[in-house]
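# Observations on the model geometry
Here is how the chains run, residue by residue.
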Amino acid sequence: APEATTAIAVEYLGNRDRMVISVSEDTYVGPSFGLNRGKTAYMLLDGGHQKIGDESHHVAYLRFKLDKIPGKVVSAQLRLRNSNNPTSDGGRIHIVPDDWNPAKMTYRNRPKAGQEVGDLKAVASRQVMDVPLDVNLKGMKELRLVIEADNCDGTDYTTRESGFPSELRIEYTE
């Protein structure tokens, strides 16, 4: 019998480099507790217990300090790691246009979500996800993101305190 061969497609991507920026701040807020939970090993994300926006609604926030990107941005991805709680829908990622102070942020005074820039689909337990972001980073000093749940099937993502921080992965050309 002839030996089976496997075809491998190789794509030349040109002169690309990648910057990886670890999250500088990450936290989550919910209506059932006072100040945010910025010192835990996970960020809980949940639309609610029985309906979106009820007492179990939890929203996750991320901040990335942007150094000077030494070229033209080709792509940006958010790398998240699921802590140990799978879900059928991991939420929608939005820009946060307004600044926020992690020491003072609560559910009630949380900044509102702006333009949607990414979408998390089904998430497996402990899965590492690289989510494409539709965002123009030119001129930004920092990128502030919020993850809003689409359903009442809660999930959680690791934080800086877990040892597995979220990352902003930027590919650029010179």
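Let me sum up the structure you'll find in this document.

Basis of the calculations
- Residues numbered from 1 in each chain as written.
- Predicted model: local features only at pLDDT ≥ 70, side-chain atom pairs only at ≥ 80, totals over all residues.
- Heavy atoms only, no water.
- Buried < 20%, exposed > 50% of the residue type's maximum accessible area, 1.4 Å probe, protein only.
- Helix = DSSP H or I, 4+ residues; strand = E, 2+ residues; numbered from the N terminus.
- Pairing = 2+ DSSP bridges.
- Axes fitted to C-alpha atoms, helices over the stretch in contact; angles between N-to-C directions.
- Phe/Tyr/Trp six-rings, centres within 6.5 Å; stacked < 30°, edge-to-face > 60°.
- Lys NZ or Arg CZ within 6 Å of the ring centre and 35° of its normal.
- Salt bridge = Lys/Arg side-chain N within 4 Å of Asp/Glu carboxyl O.

### Overview of the pairing of strand 10 (residues 155-158)
A two-sided burial pattern is seen for strand 10, the buried positions comprising Thr155 and Tyr157 on one face and Asp156 and Thr158 on the other. Where strand 3 (residues 42-45) meets strand 10, 4 bridges bridge the pair, whose relative direction is antiparallel. Of the residues in strand 10, the one forming a bridge with Met43 is Tyr157.

### Remarks on the sheet that holds strand 5 (residues 72-81)
Strand order in the open sheet made by the 4 strands is 1-11-5-8, with antiparallel pairing throughout. Only two strands of the sheet have a single neighbouring strand rather than two, namely strand 1 (16-22) and strand 8 (128-133). Mean inter-strand twist for the sheet, computed between neighbouring axes without regard to direction, equals 25°. In this structure, strand 5 lies alongside strand 11 (residues 167-173), joined through 7 bridges in antiparallel fashion. Looking at the pairing, Val73 lines up with Tyr172 of strand 11.

### Focus: the packing of aromatic side chains
Summed over all chains, the structure comprises 3 aromatic pairs. With centroids separated by 5.7 Å and ring planes inclined at 80°, the aromatic side chains of Tyr28 and Phe33 adopt a geometry described as edge-to-face. Since its relative accessible area comes to 2%, Tyr28 is described here as buried. Here Phe33 falls in the buried class, since its relative accessible area comes to 14%. Through a chain of ring-to-ring contacts, three or more aromatic side chains come together here, namely Tyr28, Phe33 and Tyr42. Above the ring of Trp100, the side-chain terminus of Arg63 is found at 4.3 Å from the ring centroid. Over the ring of Tyr107 we find Arg110; its NZ or CZ atom is 3.9 Å from the centre of that ring.

### Topic: the pattern of salt bridges
In this structure the tally under the stated criterion is 13 salt bridges. The residue Glu167 makes a salt bridge to Arg169 at a minimum N-O spacing of 3.2 Å. When its relative accessible area of 18% is taken as the criterion, Glu167 is described as buried. In the salt-bridge network here, residues are joined through shared partners; they are Glu25, Arg63, Lys65, Asp99, Glu142 and Arg144.

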